[in-house]
Amino acid sequence: MAATNASAEAEAEARSILERAAESSFPPLHAVHHLLSVGACVRCILRLLGAYSSACSCASLTSSVLHSFLEEHDGSIKGGSCSCLSADDSYCSVCLGVLLPAWHRDEGLEMPQKENISSMISRVVQKEGYQVGEFSLEISLPPVIAANERAVRLYMKQKFGNENWFEDKMFPQQTMSVKEALRLLIVPLLEKQMNAKYGNSSFRIRLTYTHGDASQKLHCLLPNENNRKRKADSRNGSDTSNEAHKRNSTDANNKQISESDSFIYKTLESIQDHEFCNLIQLPPEKVFKPCHLVISCLRSPIYIGGRYLKLSRNVSQSCWIIDDERMGEASVEEIIGGNVRAICRGDSCKFHAAGREDIDVRMLGSGRPFLVELLNVRSIPSEIEVQQIEDRINNSETKYVRVRNLKLVGNEIWSMMREGEAEKQKQYAALIWTSRELAENDLHNISVTKEMEIVQKTPIRVLHRRSPLERKRIIHWMEIEKVAGGSNYYLLQLCTQAGTYIKEFVHGDLGRTHPSIGTILGCRAEILQLDVTDVKMDFLQ
């Protein structure tokens, strides 16, 4: 009984909408009836005639209800004598079934099923495991729908253009688009089913509608260079073999698929009405298959930033594999990214850092700034979950990597990190060996050096993967002291401009870095160990 009452109320609402439309600026009912007879659905009829939100958002407003209304109100239509509603299974000749309240689907069952589009979307979101508080909706339609709409307009102009009411009431300048009508139809139901708000959200639901048959026909009808060439070849009798025919068919399909919608829209806009009428069937023919719908979900990237310390000399920053063999025991990227991705359940992640250190160089001090860019995450982590990620990394048995100040950050911090990376200073501690024992004067000369400019050519060790350039860099200050109990071993601490090659600054790289510690001291100098002790950046300190 409740279902019956609900159905009666829904139909009453639909008829009320039609009554209000008829009382306002509705064109003569015989024109509405004619649109119905050429295969336009009730929503396309009403939106093209200027009826807006109430008509398009009412799911119970069907072509059958409109037909029944016309029979009652149009004196030219006798009860039961009108056959404008097709007995076949055709879809709207304008929107190709996009504005149907129920979507036809076939999942290998004996009988096709009908399911509300909003229910389908909600089920896809749930199946993918997204946590959603707000969503936006993107809709992509095949250009053939725009062509169909224009064809109906021109057809009705030919049919009723001489009638007095036509110019004032038929097809107003500002009509509701199929996209707008579809949003009005499904958004309220989506909000209710997903318990989420519709708005400008980073979580996007995309509905991609395609209609291969109708789009291919439109493509073949539109004037373009390839079509003219095929027609000319046909007239000349060339390339008529079966193999050539198959090849042409495949090429046409590939061309249709690869043709951008924007180009087709532009072509349609460039065609004058008289040319359009010669090219396109008026009214558009009925179709017996609806558009194919693909529902996809995507969340904009989120960023988790912080600073990392690398405590091992056998861990690379990014995954390093040569000839299918891993270099090092692990990577910072995998350790941090893997733990972050596990919590957020993203499709993938990208690791970005403010510079990098070699695999045999430790990153100490306050750590190196980094961002993990997470793509299409199913859930956005809370502050508690971010802290859990930090604890999990820092309490790992391997102790390879630690993180500090891990936070969920906005994408604006990306530019902040890039700006800081170019301007930052870095401090190092290097264990070096010299071919002679250094005198106090040598140690003093190095320690008083300030703001020294050096010139570095791309190091030999990275020439295979970096451009051969010459770079000027600044050594801001240096301090050096003898290592107790060691002969010719010294601890060199220095602060340099970003991008300075420290190893080459010590040994000179066969003269490719000048001056170097070796040339300053007038002896051979080698670097044995290197640590980064500070990256001076105002970034998640």
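Values in this document were obtained by computation on a predicted structure and should not be read as measured data. (Residues numbered from 1 in each chain as written. Predicted model: local features only at pLDDT ≥ 70, side-chain atom pairs only at ≥ 80, totals over all residues. Heavy atoms only, no water.)

**Description of the side chain of Glu 149**
Alright, step 1. Position of Glu 149 relative to the elements: it lies in helix α7 (residues 144-160).
Alright, step 2. Here Glu 149 falls in the buried class, since its relative accessible area comes to 14%.
Alright, step 3. There is a polar contact of 2.8 Å between the side chain of Glu 149 and the side chain of Arg 47.
Alright, step 4. The contact partners of Glu 149, leaving out residues within four places of it in the chain, are Arg 47, Leu 48, Val 94, Thr 175 and Val 178. (Helix = DSSP H or I, 4+ residues; strand = E, 2+ residues; numbered from the N terminus. Buried < 20%, exposed > 50% of the residue type's maximum accessible area, 1.4 Å probe, protein only. Polar contact = N/O pair within 3.5 Å; in protein donor to acceptor, adjacent residues only side chain to side chain. Contact = heavy atoms within 4.5 Å.)

**Looking at the nonpolar core**
Alright, step 1. Counting residues in each nonpolar core, the largest one holds 79 residues, and the members touching the most others are Val 98, Ile 205, Leu 207 and Tyr 209.
Alright, step 2. It is α7 that provides the largest number of residues to this core, a total of nine residues. (Core = buried A, V, L, I, M, F, W, Y, C linked by side-chain atoms within 4.5 Å.)

**Focus on the packing of helix α15 (residues 332-344) against helix α16 (residues 383-394)**
Alright, step 1. Viewed as axis vectors pointing N to C, α15 and α16 meet at an angle of 145°, and their least axial separation amounts to 10 Å. Crossing geometry of α15 relative to α16 is assigned as right-handed. On α16, the residues that touch Ile 335, Ile 336, Asn 339, Val 340 and Ile 343 of α15 are Glu 385, Ile 389, Arg 392 and Ile 393.
Alright, step 2. Of the residues contributing to the contact of α15 with α16, the split by class is six nonpolar, one polar and two charged. (Axes fitted to C-alpha atoms, helices over the stretch in contact; angles between N-to-C directions. Left-handed = near helix turned anticlockwise from the far one by under 90°. Nonpolar A, V, L, I, M, F, W, Y, C, P; charged D, E, K, R; others polar.)

**Digging into the pattern of salt bridges**
Alright, step 1. Enumeration over the complete set of coordinates arrives at 22 salt bridges.
Alright, step 2. When the shortest N-O distance is used, the salt bridge between Lys 503 and Asp 358 registers 3.0 Å. Here the residue Lys 503 occupies a position in helix α19 (residues 502-507), and Asp 358 occupies one in the loop between β12 (348-353) and β13 (362-375), the gap between them amounting to 145 residues.
Alright, step 3. On the basis of relative accessibility, which here comes to 26%, the residue Asp 358 falls in the partly exposed class.
Alright, step 4. A salt bridge links Asp 534 to Lys 536; the shortest N-O distance between them is 3.3 Å.
Alright, step 5. On the basis of relative accessible area, Asp 534 is assigned to the buried category, the value being 17%.
Alright, step 6. Among the residues examined, Lys 536 registers a relative accessible area of 39% and is labelled partly exposed.
Alright, step 7. Among the charged side chains, a salt-bridge network with shared partners connects Asp 358, Asp 360, Arg 461, Lys 503 and Glu 504. (Salt bridge = Lys/Arg side-chain N within 4 Å of Asp/Glu carboxyl O.)

**A closer look at the pairing of strand β6 (residues 292-299)**
Alright, step 1. Alternating residues of β6 divide into Leu 293, Ile 295, Cys 297 and Arg 299, all buried, and His 292, Val 294, Ser 296 and Leu 298, none buried.
Alright, step 2. Two elements, strand β5 (residues 203-210) and β6, share eight bridges in a ladder whose sense is antiparallel. The residue bridging Arg 204 from the neighbouring strand is Leu 298, located in β6. (Pairing = 2+ DSSP bridges.)

**Regarding helix α2 (residues 29-37)**
Alright, step 1. By the criterion of burial, α2 is predominantly enclosed, with seven of the nine residues buried.
Alright, step 2. Regarding α2, the residues found buried are Leu 29, Ala 31, Val 32, His 33, His 34, Leu 35 and Leu 36.
Alright, step 3. Buried residues belonging to α2 abut α3 (42-48), α5 (63-73) and α7.
Alright, step 4. In the stretch just after α2, Gly 39 is the one whose phi turns positive, near 100°.

**A closer look at the sheet that holds β5**
Alright, step 1. The strand order across the open sheet built from four strands is β4-β3-β5-β6, with neighbouring strands paired in mixed fashion. Two strands lie at the open edges of the sheet, namely β4 (197-198) and β6, each paired on one side alone.
Alright, step 2. Running at roughly 45° to β6, helix α6 (residues 117-128) makes contact with β5 and β6 of the sheet.

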